[in-house]
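Chains, contacts and geometry: an overview
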Amino acid sequence: MNVQTPPTDAERVEKLQGLGSSRKRVEDARFTQGKGNYVDDIKLPGMLFGDFVRSPYGHARINSINKDAALAMPGVVAVLTAEDLKPLNLHYMPTLAGDVQAVLADEKVLFQNQEVAFVVAEDRYIAADATELVEVEYEELPALVDAFKAMDDDAPLLREDIKDKMEGAHGPRKHHNHIFHWEEGDEAGTNKALQDAEVTVEEMITYQRVHPCPLETCGCVASMDKINGKLTLWGTFQAPHAVRTVASLITNIPEHNIRVVSPDIGGGFGNKVGVYPGYICSAVASIVTGVPIKWVEDRIENLTATAFARDYHMTGKLAAKKDGTITGLHCHVLADHGAFDACADPTKFPAGFFHICTGSYDIPVAYCGVDGVYTNKAPGGVAYRCSFRVTEAAYMIERMIDILARKLDMDPVELRMKNFINKDQFPYTSALGWEYDSGDYHTAMEKALEAVDYQALRAEQAENRAAFERGETRKLMGIGIAHFTEIVGAGPVKNCDILGLGMFDSCEIRIHPTGSAIARLGTISQGQGHATTFAQILATEIGIPAEDITLEEGDTDTAPYGLGTYGSRSTPVAGAATAMAGRKIRAKAQMIAAYLLEVHEGDLEWDIDRFQVKGNPEAHKTMKEIAFASYNQAIPGLEPGLEAVSYYDPPNMTYPFGAYICVVDIDVDTGVTDVRSFYALDDCGTRINPMIIEGQVHGGLTEALAIAMGQDISYDEIGNVQGGSLMDFYLPTAVETPLWQTDHTTTPSPHHPIGAKGVGESPNVGGVPAFSNAVNDAFAHKGLTHTQMPHDHWRVWKTAQKLGLTG
């Protein structure tokens, strides 16, 4: 008779595939076989299709709309305009920033491609053809596209709907095109630091308007069941519960009669956080027609009419001693919000977390002020692969540090190391009020320098510059350094809410009798791999193998309330909720095990996947045994079953950080910039799945490359949007993408249940200044202080030309 050898501890840990395991993504089996289920895959009986008539003008008055010809077209069912929505009080909708936005243009259009009318037809081709039959008579008005001219005395009035409203959602308005002024810090103290400083630098740094441009554009299917009064919305929603609440507020349909479902989502990057006119029009059309309505935008509509990112004009000033000690930071931002203030920021912070702009540095006094203005551009202002406005802040401070280093004639690494917050200063409260939970910046930077052999790179650069002067090469070498501190995990309800909804998150776990489990969360994955990583958190917490845990998200009828996935908040908030719910499960399991083993709970200890009696490990009960007992034993004082729910309100943000080093070679005669190498060290606290972290870093760095080296949504003087298609908007392919070298240190968050901090957006936050610093560094010895992004070939060539370097 064969005696089965019990598994070793290592074998039991391996079977769990818990924290720290490079478990393969369970989602990929269906994605790689074309079995994903996206919004456009949804087909319902009798479904109709919607499409928009959009404005060709950046700013114009609508004198008339004639929809007779469109309505006469066979297959067209309805054409909605603002006049149709007014009786329902649906012609305007609330934005996430406390403003209102026209669902369909009401008397005026305020940006090119703004929604003017919504055509509903039997198929999408008829709907598209019919949009061209809607006759709109416009009277073109002067367009305002320069944010610096928005508050001029003679600036055109854009928002006639609020022209007499001099009190906005965030305080007084100074001008009819002014949205808000927000500030943080000690302005008087900062000004004194600048006045008394031995050295000062000042620079206006623009972070251009870009767009998240996810692979899947925005869309929805709305289906109103007039029998039971229930509205179901399937859509590309990054925050399905928030969408349900907003939909209820707008339509007055009771929230319990609205079901919002986010199926598979093909990337979000912040673009799918807000509510768009297509969602409202589809819901209205379904209510009116009584049949499902599908609306899916095309690429040009996505790039030109849905939420943009950045468009910040930042004037930074640094005060310092001659030895490089920084004594103060002053920053003013002019924020171009477009035609409506539809930023996705916490209510309390209209400029998001921009006041993380002191970065990784111990700056004794600081001030930042932000003025938001309206222009004739598309609304938005989302966190494109970063926490709220953090990448703008990181870009500003990392460029300013380099500029100060040039003036002091110091190596930019030396200046950073001199001013880093020391490890023993954590928890550290910055001059602008954030409490950094943990960090070890010197160790990270030293590891990065050693990995790339920084001294050798600088020696090579000196040789390169000498060879350039001798005429032996037409290329210049640049070395870009960046050390960033992100702030993620929005967030604590005391700091963060959107439309009054506190930004906690949630997890509900149900253990089945056979020992498998299902977990439902208030988040929604758009490629992050939640089904893989959250199961790993639970595997470690409750001792059930990750492969036996199913994860569900995105259905408001089944998932507990949560604020969704964006801003790297899923792991810091929902991941914590998952761990805490798991601990509730384990606490009850301990009571069950004590009953089964006839010992006191205190006599038990947790060991990987079971409770065992202290000093007698042979006496134990596995989680599978405990799960079954919870359903078939009448245990005194305990309810049957093994379930738990946790709503987690984090006590603080988490603060991932990283040290990046980029090396470029620039051909001064063509402006072509080759990224020779890029080293990225990230510290995201406890690492749940190293393989997924590496994938996230690769993706974030590629988007940072795109932003720094080419992406730009600009407008001409009459409001025509430039870069509105993939013919012009830069998306790097594998050909342009360099080889990424990744690395890490581990500094767990002291307040997160498992010490995790979040990583998905860090590479974008740190990557952009590293690329930009490398380009600027290549020309620094020729007198360049700063050149604006994006660093595409033409702009880089123009920089070389201005410096007299071109042939």
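As recorded in an unreviewed UniProt entry, the chain goes by Carbon monoxide dehydrogenase large chain and comes from Hoeflea prorocentri. According to its UniProt record, the chain has this under Catalytic activity (unreviewed entry): "CO + a quinone + H2O = a quinol + CO2".

Considering soluble globular proteins, one finds that nonpolar side chains tend to be buried as a cluster. Counting 184 residues, the largest nonpolar core has Met314, Phe353, Phe354, Phe771 and Phe779 as the members making the most contacts within it. A per-element tally of this core places helix α10 (residues 390-408) first, with 12 residues. The contact partners of Met314, leaving out residues within four places of it in the chain, are Glu203, Met204, Ile205, Tyr207, Cys331, His332, Val333, Phe354, Glu392, Tyr395 and Met396.

Across the 11 residues that make up strand β33 (residues 673-683), a large majority, eight, are buried. Bridge analysis of strand β32 (residues 657-667) against β33 gives 10 bridges, and the strand direction is antiparallel. Counterpart to Tyr660 in the pairing with β33 is Ala680. With antiparallel pairing between neighbouring strands as the criterion, β32 and β33 make up a hairpin whose turn holds five residues, including Gly671 at a positive phi of roughly 80°.

Bringing unusual backbone geometry into the picture now. The phi angle of most residues is negative, glycine excepted, and most peptide bonds adopt the trans form. Phe426 connects to Pro427 through a cis peptide bond whose omega is -5°. Counting through the fold element by element, Pro427 comes out in the loop between α11 (412-419) and β20 (428-429). Between Met789 and Pro790 the backbone carries a cis peptide bond, its omega angle lying at -5°. In this structure, Asn89 is a non-glycine residue whose phi angle is positive, near 55°. Topologically, Asn89 is positioned in the loop between α4 (82-85) and β4 (92-94). For Asn89, a relative accessible area of 58% corresponds to the exposed category. Even without glycine at this site, Asp409 takes up a positive phi of about 60°. You can see Asp409 is positioned in the loop between α10 and α11. Looking at Asp409, the relative accessible area reads 72%, which means it is exposed.

Turning our attention to the UniProt feature "domain: Aldehyde oxidase/xanthine dehydrogenase a/b hammerhead" (unreviewed entry) in the chain. Listed under "domain: Aldehyde oxidase/xanthine dehydrogenase a/b hammerhead" (unreviewed entry) in the UniProt record, and renumbered for this structure, are residues 33-142. Along residues 33-142 one finds 15% helix and 36% strand; the C-alpha atoms at either end are 51 Å apart.

Mapping Ala539 onto the fold places it in helix α14 (residues 530-542). Here Ala539 falls in the buried class, since its relative accessible area comes to 0%. If sequence neighbours within four positions are ignored, Ala539 has contacts with Leu16, Gly18, Ile544, Pro545, Ala546 and Ile549.

Moving on to helix α16 (residues 623-632). Regarding α16, the residues found buried are Met623, Ile626, Ala627, Ala629 and Ser630. Viewed along the axis of α16, the buried residues span an arc of 165°, placing them on a single side of the element. Considering only its buried residues, α16 is in contact with β25 (505-511), α14, α15 (570-597), β28 (604-607), β29 (610-613) and β30 (616-622).

The next point concerns the pairing of strand β3 (residues 76-80). Of all five residues in β3, four are buried; the element is thus mostly enclosed. For β3 and strand β7 (residues 115-121), the ladder comprises four bridges, and the chain directions are antiparallel. Bridged to Val79 within β7 is Val119.

Another aspect to go through is the state of the cysteines. Put plainly, a disulfide is one covalent bond tying together the sulfur atoms of two cysteines. Evaluated as defined, the whole model comprises zero disulfides. Not engaged in a disulfide, the cysteine Cys343 finds its nearest cysteine sulfur in Cys386; these two sulfurs lie 11 Å apart. Residue class for Cys343 comes out buried when judged on its relative accessible area of 1%.

Turning next to the packing of aromatic side chains. Scanning the entire structure with this criterion turns up 29 aromatic pairs. Here the aromatic rings of Phe349 and Phe353 are separated by 6.0 Å at their centres, their planes lie at 75°, and the arrangement is edge-to-face. Aromatic pair Phe420 and Tyr441: ring centres 5.8 Å apart, planes at 65°, arrangement edge-to-face. You can see Phe420 sitting in the loop between α11 and β20 and its partner Tyr441 sitting in helix α12 (residues 441-452), a full 21 residues away along the chain. The aromatic ring of Phe308 is capped on one face by Arg209, whose charged end is 3.5 Å from the ring centroid.

It is worth spelling out the sheet that holds strand β8 (residues 135-140) at this point. A sheet is described by the order of its strands in space; here three strands give the open sequence β6-β2-β8, paired in antiparallel fashion. Taken across any chain shown, the strands that pair with only one partner, and hence form the sheet edges, are β6 (108-109) and β8.

Let us now look at the sheet that holds strand β19 (residues 366-373). Read across the open sheet, the five strands follow the order β11-β19-β18-β17-β12; overall the sheet is mixed. Across the chains shown, the open sheet's two edge strands, defined by having one partner strand only, are β11 (178-185) and β12 (199-210). Neighbouring strand axes in the sheet, compared pairwise and without regard to direction, differ in orientation by 10° on average. Alignment of strand β18 (residues 326-336) against β19, held across eight bridges, turns out to be parallel.

In this structure, Glu27 sits in the loop between α1 (9-16) and α2 (28-32). In this structure, Glu27 is buried with no salt-bridge partner, the nearest side chain bearing the opposite charge being Arg25 at 4.4 Å. Sequence-distant contacts of Glu27, defined by excluding residues within four places in its chain, comprise Gly529, His530, Ala531 and Thr532.

The subject of this paragraph is the pattern of salt bridges. Tallying each qualifying case throughout the model produces 54 salt bridges. Residue Arg61 is joined to Glu160 by a salt bridge in which the shortest nitrogen-to-oxygen separation is 2.9 Å. Of this pair, Arg61 sits in strand β2 (residues 60-66) while Glu160 sits in the loop between β8 and β9 (167-168), and the two are 99 residues apart along the sequence. Ionic contacts of the salt-bridge type, sharing partners, join the residues Glu398, Asp402, Arg406, Asp411, Arg416, Arg458 and Asp777 into one network.

What counts, and at which threshold
Residues numbered from 1 in each chain as written. Predicted model: local features only at pLDDT ≥ 70, side-chain atom pairs only at ≥ 80, totals over all residues. Heavy atoms only, no water. UniProt positions renumbered as here; feature names shortened; annotations may be inferred. Core = buried A, V, L, I, M, F, W, Y, C linked by side-chain atoms within 4.5 Å. Buried < 20%, exposed > 50% of the residue type's maximum accessible area, 1.4 Å probe, protein only. Helix = DSSP H or I, 4+ residues; strand = E, 2+ residues; numbered from the N terminus. Contact = heavy atoms within 4.5 Å. Pairing = 2+ DSSP bridges. Arc of directions from axis to C-beta. Disulfide = S-S within 2.5 Å. Phe/Tyr/Trp six-rings, centres within 6.5 Å; stacked < 30°, edge-to-face > 60°. Lys NZ or Arg CZ within 6 Å of the ring centre and 35° of its normal. Axes fitted to C-alpha atoms, helices over the stretch in contact; angles between N-to-C directions. Lys, Arg positive; Asp, Glu negative; His and termini not counted. Salt bridge = Lys/Arg side-chain N within 4 Å of Asp/Glu carboxyl O.

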